Amino acid sequence: MANDQHNGISPEHHDETINFREVVEKYIRYWRFILISVIVIVVLTFFYLQSKAPVYESTAMVIVKDDESGSLSGEMNAFSDLGLITNNANLYNEIEVFKSRQLITEVVRKLDLFYSIKQEGNLLNADKLYYDNTPVTFSSNALDSGLYDKNLEFQLVIIDDNRFALEEKIYKQNNKEIVNDKGEHEFSDTINTSEGKIHFSKTQFWDESCIGEKFIIRIHGINAAVKIIKQNLVVETINKDASVIQLKINGPIKSKNNDILNTLIKQHEAQAIRYKNEITRNTSEFIDERMKLIEKELFNIEETGESFKIKNKLVNVEMDAEVMMEKESNAEASFMKTYIQLQLARHIKNYMDKHPGYENLLPANLGLEKVAVNDMTMEYNKLVLERNSKLINSSEQNPLVSKLEKQLNSIKISLSASLTNVIEGLELELQTIREKEEKYSSKLSRIPAFEREYREIMRQQQIKETLYLYLLQKREENEIAMASTVGNVKIVDHAYSSLKPIAPKKKVIMLGAFLVGLFLPIAVIYVKDMLDTKVHTIDDIESLSIPVAGNIPLHKGKEAVVVKQHGQTIIAEAFRMLRSNIDFLLNGNRKEGNVIFVTSTIAGEGKTFISLNIANSFTLTNHKVLLLGLDMRAPMIAQYLHMEENKGVSDYLNDDRINIDDVIVQSQDNENLHYITVGTIPPNPSELLMRPRLSELFDRLRKQYDYIIVDNAPIALVVDTLSIVNYADLVMYVVRANYLDKRALDLPKNLVKTKKIKHMTGVLNASSSAFSTYHGYGYYRYGYGYGQQKDSKLKRIKQWFNFRNK
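Residues numbered from 1 in each chain as written. Predicted model: local features only at pLDDT ≥ 70, side-chain atom pairs only at ≥ 80, totals over all residues. Heavy atoms only, no water.

Novice: Is there a simple way to explain the pairing of strand β8 (residues 190-193) in this structure?
Specialist: Every other side chain in a regular strand lies on the same face of the sheet, so the side chains alternate between the two faces. Residues of β8 alternate between two faces, with Ile191 and Thr193 buried on one and Thr190 and Asn192 left unburied on the opposite face. Bridge count for β8 against strand β9 (residues 196-202) is four bridges, and the pairing is antiparallel. By the bridge assignment, asparagine 192 is partnered in β9 with lysine 197. Count of turn residues in the β8/β9 antiparallel hairpin: two residues. (Buried < 20%, exposed > 50% of the residue type's maximum accessible area, 1.4 Å probe, protein only. Helix = DSSP H or I, 4+ residues; strand = E, 2+ residues; numbered from the N terminus. Pairing = 2+ DSSP bridges.)

Novice: Any chance you could explain the sheet that holds strand β16 (residues 625-629) here in plain terms?
Specialist: As a general point, the strands of a sheet are linked pairwise by backbone hydrogen bonds and lie either parallel or antiparallel. What the eight strands build is an open sheet, ordered β14-β21-β20-β15-β19-β16-β18-β17; its pairing is mixed. The open sheet has two free edges, formed respectively by β14 (548-553) and β17 (665-666), since each of these has just one partner strand. Bridge analysis of strand β20 (residues 730-736) against strand β21 (residues 760-767) gives six bridges, and the strand direction is parallel. Across the sheet, the residue bridging to tyrosine 733 is glycine 762, located in β21. Against the sheet, helix α15 (residues 570-586) makes contact with β14, β15 (594-600), β19 (707-711), β20 and β21, and its axis sits at roughly 170° relative to β14, the strand it touches most. Relative to β19, helix α16 (residues 607-619) is tilted by about 170°, and along the sheet it contacts β14, β15, β16, β18 (673-676), β19, β20 and β21. (Contact = heavy atoms within 4.5 Å. Axes fitted to C-alpha atoms, helices over the stretch in contact; angles between N-to-C directions.)

Novice: Sorry if this is basic, but what is going on with a negative patch on the surface here?
Specialist: Together, Glu302, Glu303, Glu306 and Glu465 make up a negatively charged patch on the protein surface. Element by element, the count of residues in the negative patch is highest for helix α9 (residues 278-312), at three residues. Within the secondary structure, glutamate 306 is located in helix α9. (Patch = residues over 30% accessible without salt bridge, like charges linked within 9 Å, V, L, I, M, F, W, Y side chains within 5 Å. Areas by Shrake-Rupley, 256 points an atom, 1.4 Å probe, with all protein chains shown as cover. Salt bridge = Lys/Arg side-chain N within 4 Å of Asp/Glu carboxyl O. Lys, Arg positive; Asp, Glu negative; His and termini not counted. Charge placed at Lys NZ, Arg CZ, Asp CG, Glu CD.)

Novice: Teacher, can you tell me more about the pattern of salt bridges here?
Specialist: A side chain of one charge can pair with a side chain of the opposite charge when the charged atoms of the two come close. Across all of its chains, the model carries 27 salt bridges by this definition. Residue arginine 163 is joined to aspartate 160 by a salt bridge in which the shortest nitrogen-to-oxygen separation is 3.0 Å. Classification of arginine 163 by relative accessible area gives partly exposed; the value is 30%. For the salt bridge of arginine 657 with aspartate 655, the shortest nitrogen-to-oxygen distance reads 3.1 Å. Accessibility expressed as a relative area gives 71% for arginine 657, which makes it exposed.

Novice: Looking at this structure, I do not really get the sheet that holds strand β1 (residues 56-64). What am I missing?
Specialist: Overall, antiparallel pairing links the four strands, which are arranged β11-β12-β1-β13 in an open sheet. The strands lining the two open edges of the sheet, one partner per strand, are β11 (233-237) and β13 (489-497). For this sheet, the mean angle separating the axes of adjacent strands, direction not counted, is 15°. In this structure, β11 lies alongside strand β12 (residues 244-251), joined through five bridges in antiparallel fashion. Counted as the bridge partner of glutamate 236 is glutamine 246 from β12. Relative to the sheet, helix α7 (residues 221-232) contacts β11 and β12, its axis offset from that of β11 by approximately 40°.

Novice: I'm lost on the packing of aromatic side chains in this one. Help?
Specialist: For any pair of aromatic rings, the description consists of the separation of the ring centres together with the inter-plane angle of the planes. One pass over the structure, following the stated rule, counts 15 aromatic pairs. With a centroid separation of 5.7 Å and an interplanar angle of 75°, the aromatic rings of phenylalanine 154 and phenylalanine 200 are classed as edge-to-face. Of this pair, phenylalanine 154 sits in strand β5 (residues 152-158) while phenylalanine 200 sits in strand β9; the two residues are 46 residues apart in sequence, bridging distant segments of the chain. Overall, phenylalanine 154 belongs to the buried group, its relative accessible area being 0%. Arranged with centres 5.6 Å apart and planes meeting at 75°, the rings of phenylalanine 187 and tryptophan 206 form a pair that is edge-to-face. With phenylalanine 187 in the loop between β7 (177-186) and β8 and tryptophan 206 in the loop between β9 and β10 (214-219), this residue pair connects regions lying 19 residues apart in the sequence. Across this residue pair, the class does not change: phenylalanine 187 and tryptophan 206 are buried. Taken together, the aromatic side chains of Phe114, Tyr115, Phe138, Phe154, Phe164, Phe187, Phe200 and Trp206 make up a single cluster linked through ring pairs. Of note, lysine 624 hangs over the ring of tyrosine 705, and the distance from its end group to the ring centre comes to 5.3 Å. (Phe/Tyr/Trp six-rings, centres within 6.5 Å; stacked < 30°, edge-to-face > 60°. Lys NZ or Arg CZ within 6 Å of the ring centre and 35° of its normal.)

In structure tokens form, the structure reads like this:
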């Protein structure tokens, strides 16, 4: 079996394993195509990267402060210690706040990010984006509101240091553009546009290099700016055990990225402070309202006291009433303290009755000495704030909101009952104090009535003054608390940008472009091969279950005879290999003269070329060879040899008066080679070949020649060859590479299977693979005129590349 392979005869069955060398060599033949693909794609990718602006990443970090003021903090920590829940809800709430559309909208408005300015680039340079260093800017009377939701563009082409050409583009919702040419203007002009009057001006960053450049001012609106920031903003935790939040944003301008993150943190802090001061502001409003009422009452009491003094000419109090008055004053002090507590309780109760819903906060920190009432008030306010926060992004049907309202209702009922009890207790206490005062008053009966009346006025004045001073003190405390409020987060790192751009990743993209350029043509070649049904290699014809005797390279020359006495070309050596294999195949049934039929499936596969050159190859071994043309429908031997078509085999078969020697032609170049051409093309070649004289012809030729090479007609087109195939000792079936459809091989396969042709061998003609391999074994150049031993390494490489692409 090894010898068969070495001689170029394929076995009937072969191991279907992948020959990686053949696979690689198949694609190496297209190395120029692959190289051009790599160069084109890499160059296009290079220009693409040059036109893309680099993208930088800015990062900031904040730490979230723990809010443990809630009443459930202890219970939640207990569950957290058991590993049943995680106590990081506040952390994730802050993350969602940072990503909220409302907060980002505030940032966009704060930094005027609803428009962008860029300088148009070219093929080798990306657009230059500006933020805080723009050489050109604009102002508009509609800037505060009119341009926030617009979608338009201004293009300025700088003509000289003071003039520019302006073009306005308006983008509609149906993706249509309206272009308005505004002509040339000076930087001092106020220009009328579709959105009002706009003034363009130069900034401190203007220089002479701006002349001739195009600046594009794109107004895309707040919603579009918010959408872009949300897409590029990443807010995440550092790890699950820390309360640190990391904020990242990507963009082409470092300073803009940093400003967005820093402003986002500041706006978040301001929002948190506003949220926390809501209770304090509500309490201050309540105190202001009560102080205005008390001021009015105090003014009326002072007027009454002044009128009383003037009317009764009152100057001093009787000295003998000092002792009794001291006791009475102690009772009055108790009365005032109790009265203040009663009034505070009533005010809170009245406030609750006037605001039955859950939207309003209750006044807190008023000085009510009932601890239970104060605790319930703080808990109620905390739940109100939490409910209002949920309603920002939800509705009252939210289960969490309903749950909070149930808790608020429960606390409100308990608080109302507690206040009722407090009020009733204080009223009883006031009644007791009044009874004591009446006791002391009866002992002062000797004091004149006007003295007692005056003291009553003074007591009312003192009560109101004390209550007023108390409320004034509480208001100042609230203002101090409001001023000292801080946000929920603390800045760990202010925003900072990466030194190197994170995108585009040029090395990765260039490597990807190289790989795409490399594998794309390989994929195209692979798909092409998958869709290709032509015969290309010996492997394609091994399914015929016949030995393959030869693999003849593609011959591009005009000469029909390529096998000569001293020929040392590759194609000549391929015919020598074919000759050796034919001898090997004929070894078992060698006769006096061997008749070798040469046929094919269809016309144009090179059977005449093979017949002519294999005949010449046999003559080089000192054998007498006759080339017989039996393709009577399209004879080619005479044309290939540049001979005139005289009497031939058709004339011999048709005319009994013609002898064999009359149709045999001696080769002028080779004494061992003779020809019998077709001669006159007959109208009935099939019937002519069935005549007995054909048998006599072969009998005579067998005795006279060592080899009779017969050029037959294609078997798929006519029946001529099959009708005389019994005269053949060996049938050479020629298959032209890159020409014959693989499906046409079913015809010779069936002929072998049905034993209509017993001795058949295949020959692959015009094969491109024969230049590099012969059924898996290389055709090396030693001894065939290539001078391999003398060639330099570089020369051999060049020859190899040229050799592959023939």
